[in-house]
Every structure is written in C-alpha cells, then in structure tokens.
Amino acid sequence: MNAPFTPDLISLVVPAFNEEENLPVLVERLRDVMEPLGPYEILIIDDGSTDQTKAVLRQLSQVHDELRFISFSRNFGHQMALRAGYEHARGACAISLDADLQHPPELIPTLVQKWREDFEVVYTVRKPDPTLSWRKRFTSRNFYKLLRAASDLELEDGAADFRLLDRKVIDTLKSFKENDLFLRGMISWVGFRQCRIEYEPAARFAGTTKYSFKKMFQLAVMGITSFTTKPLYASVVLGLLMALFSTLFGLEVLYEYFFTDGIVSGYTTVVLLTLLIGGAQFIVIGIIGVYLGKTFVEVKQRPPYIIGDTSEIEEVITWQAPAPRAYSSPLT
Ligand code: UDP
Ligand code: MG
C-alpha cells in the first residue's frame, strides 16, 4: 500500500499501542475537528497491540470511510509506527498525534492554518505540565539536555511528536534509507520553513503510558547515536586522560624505585589502577560497540517494520523472494 499523493487531503497519523479504549473517542474528536477543514484521512498504525486495538480499528474503519489502518506484525516502537504512518499517508500534509488524546485535536485547525500560511513544518512544544510525574519530567528534561550537548541539534525541551509536515518534508523523510530514524531530530535537521506552537498537554484519556523506562532509554541512545559521533571523540579524550595519568603515575613509581628505599607499598595502588583502567576501557569499548552495532544493523538493510494487516483488503501483502545475486568468486 504505497501512498498515492492526493492534493488537498490532510492526513492524520496516529501510532497506537494497546489503545483500545482511546481510539473510538479519538476518532470522534478528530472527525468533529476535521469536518470543517476539508477532505482528510485518519491513518492509525497499530504497533503490534496485544489488546483489542486491531478489532476496534477494523470495526471503526467499517463505519468511517476516512479511517484507514495498518497493523504491524509485532511491536516495533513508536518511532517506527510514525514512520510507517508518514510513508503511507496520502495527504498534501500529515499531522501526527498520540492516540491517548494528550495532544489536543482542537489544536489541529491552528496547525493547518499555519501550513496554509506556507509553513512546511509546524511543530509543537508542550508547556511544562505540573501534573506530570517527577520521573517523567526529570527524564524528559535531561534527555533533551543530553541530546543538545551530545549533538549539534537544536531540540527544544518538550518537543513532541505532535506536528504537521508538508508533503515536501514527508517525501524528504521517505528518501532516507537509514533504519534507525529518530524523527524529532531528523525534522529539526532537514530545515524547511518551520513554525513553533505551544500547547497544554491534556491528561491521558484512558490506560497507562506505553513508554516504559526501557523504551525511553532506547529512544535516548538512538537519538544521540543517530545524530552525532561525539561520544566516540569523548571516549578518545577519556583514553588520552587515562594515558596521561598512567604516564605520570609510572614516572612516580620509577622515581620511588630508584631514589627511595623500602618500597613495598602498593597493593592498593595496583588494585585501584587496574579498576580504573579496566573501567575506562569498558566505557570506551561500550561506546564503540554501540556504533558498531548500528553499522551492523544498517548494513543488513532489513525492513524497518513489517505490516501484518491493513484496512485495505485488496492490498494483501505478498512476500517476494529477492532475485538471486550474481556471485563471482574472487579466486577465478
Ligand atoms: N506507542 C506506540 N508504540 C510503542 C509505545 C507507544 O505506538 O511502543 C504510541 C502510544 O500508543 C501513543 C504514543 O505512542 O499513541 C505515545 O505513547 P504514550 O502516550 O504511552 O507516551 P507518553 O505520552 O506517556 O510519553
Ligand atoms: Mg501519552
């Protein structure tokens, strides 16, 4: 189901992971908001939900013509769901928002108005929300801080995945071949005429957050390693500092050996040094490992996500074996 482009159509892209209770309400609210704005489609990406999300989507899509859905074969994560949404959107622009109604649909007309004023990216930034849990605020704030420090990206605190992208931007993103696509960073990176809008996040309508600590950590590592190789340089600096320290310490030990008597001190120093150097090595190897791992994943060129089901019955996915590659032996 590759998206033919339809002028004037506005696509709404909604990733959903176990959101069965939110979707009917969301679709109603979206319809109310979109009706006056002209033709639209709602494209929901079921990210391998384990509850009734898919059944709910099937039902809803039978009632509402403008609703389409894609269902992943398993959970590939929010970023992949968004990406699939952009890749399959047919609109002249696409607006992404969360399924839990934290991104108020009532803001959509403002986004569309800015787009009609010729902005190509209309992104939103959430105002600080005092009701958010301490953990969430802390992780979010520090995530952006770390990302800004580690890369050259200008990402604002509270930048959310609630944004409008013009067709030009969507097509640019679609042309990227990298698997590990950190969209928030990429959208800041691609440029275009951008407009910023602030909004008050609402409370999650039903259910609990689908972003576990593990998923947030993965997102942070992905964000940093997708945009910068600075940590590799940091590891070189760390290595150099260790080398300097070892040289000084070595000189000191030699001095003691030649110019002082009775030098059998040292058990503690040996242990400390071993730990310190060992530790630094682990850090450096770990950082190199992360980048090497990414190279490994990218080189394989696996599909970034797999669609198991869609609302379009005629477009059943058929798997085609790739043509065998010509192989010539280096020995002949
Ligand atoms: N989501 C997803 N796949 C995941 C986790 C989350 O598609 O693996 C969706 C989720 O259904 C929601 C959006 O991403 O529409 C944001 O997730 P959530 O509201 O749980 O995150 P929070 O608002 O707590 O940061
Ligand atoms: Mg949410």
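Residues numbered from 1 in each chain as written. Chains lettered and ligands numbered in written order. Predicted model: local features only at pLDDT ≥ 70, side-chain atom pairs only at ≥ 80, totals over all residues. Heavy atoms only, no water.

Going by an unreviewed UniProt entry, the chain carries the name Glycosyltransferase family 2 protein and comes from Fibrella rubiginis. Per UniProt, the chain has the following entry under Subcellular location (unreviewed entry): "Membrane". (UniProt positions renumbered as here; feature names shortened; annotations may be inferred.)

Novice: What is the right way to read the site of ligand 1 from this model?
Specialist: Close to ligand 1 lie 18 residues; E19, D47, D100, T209 and K210 are nearest. D47 is positioned such that a nitrogen or oxygen atom in its side chain is 2.6 Å from a nitrogen atom of ligand 1. Within the side chain of Q102, one N or O atom sits 2.7 Å away from an oxygen atom of ligand 1. Protein chains shield 92% of the accessible area of ligand 1, which is 530 Å² for the free molecule. Split into classes, the residues belonging to the shell around ligand 1 amount to 5 nonpolar, 5 polar and 8 charged. (Near = heavy atom within 4 Å. Polar contact = N/O pair within 3.5 Å; in protein donor to acceptor, adjacent residues only side chain to side chain. Areas by Shrake-Rupley, 256 points an atom, 1.4 Å probe, with all protein chains shown as cover. Nonpolar A, V, L, I, M, F, W, Y, C, P; charged D, E, K, R; others polar.)

Novice: Please explain the packing of aromatic side chains as it appears in this structure.
Specialist: Each aromatic ring pair is summarised here by two numbers: the centre-to-centre distance and the angle between the ring planes. Here the structure, examined in full by the defined rule, presents 4 aromatic pairs. Ring centres of F72 and F76 lie 5.4 Å apart, and the angle between their planes is 85°; this geometry places the pair in the edge-to-face category. For the pair formed by F72 and F76, the shared burial category is buried. Lying over the aromatic face of F76, R74 brings its terminal NZ or CZ to 3.8 Å of the ring centre. (Phe/Tyr/Trp six-rings, centres within 6.5 Å; stacked < 30°, edge-to-face > 60°. Buried < 20%, exposed > 50% of the residue type's maximum accessible area, 1.4 Å probe, protein only. Lys NZ or Arg CZ within 6 Å of the ring centre and 35° of its normal.)

Novice: Please explain the packing of helix α6 (residues 167–174) against helix α7 (residues 183–190) as it appears in this structure.
Specialist: A pair of packed helices is characterised by two quantities: the angle between their axes and the separation of those axes. Following both chains from N to C, one finds α6 and α7 inclined at 115°, their axes separated by 11 Å at the closest point. Considering the relative orientation of α6 and α7, their crossing is right-handed. Two secondary-structure elements touch here, α6 through V169, T172 and L173 and α7 through L183, M186, I187 and V190. For the contact of α6 with α7, a count of residues per class yields 6 nonpolar, 1 polar and no charged. (Axes fitted to C-alpha atoms, helices over the stretch in contact; angles between N-to-C directions. Helix = DSSP H or I, 4+ residues; strand = E, 2+ residues; numbered from the N terminus. Left-handed = near helix turned anticlockwise from the far one by under 90°. Contact = heavy atoms within 4.5 Å.)

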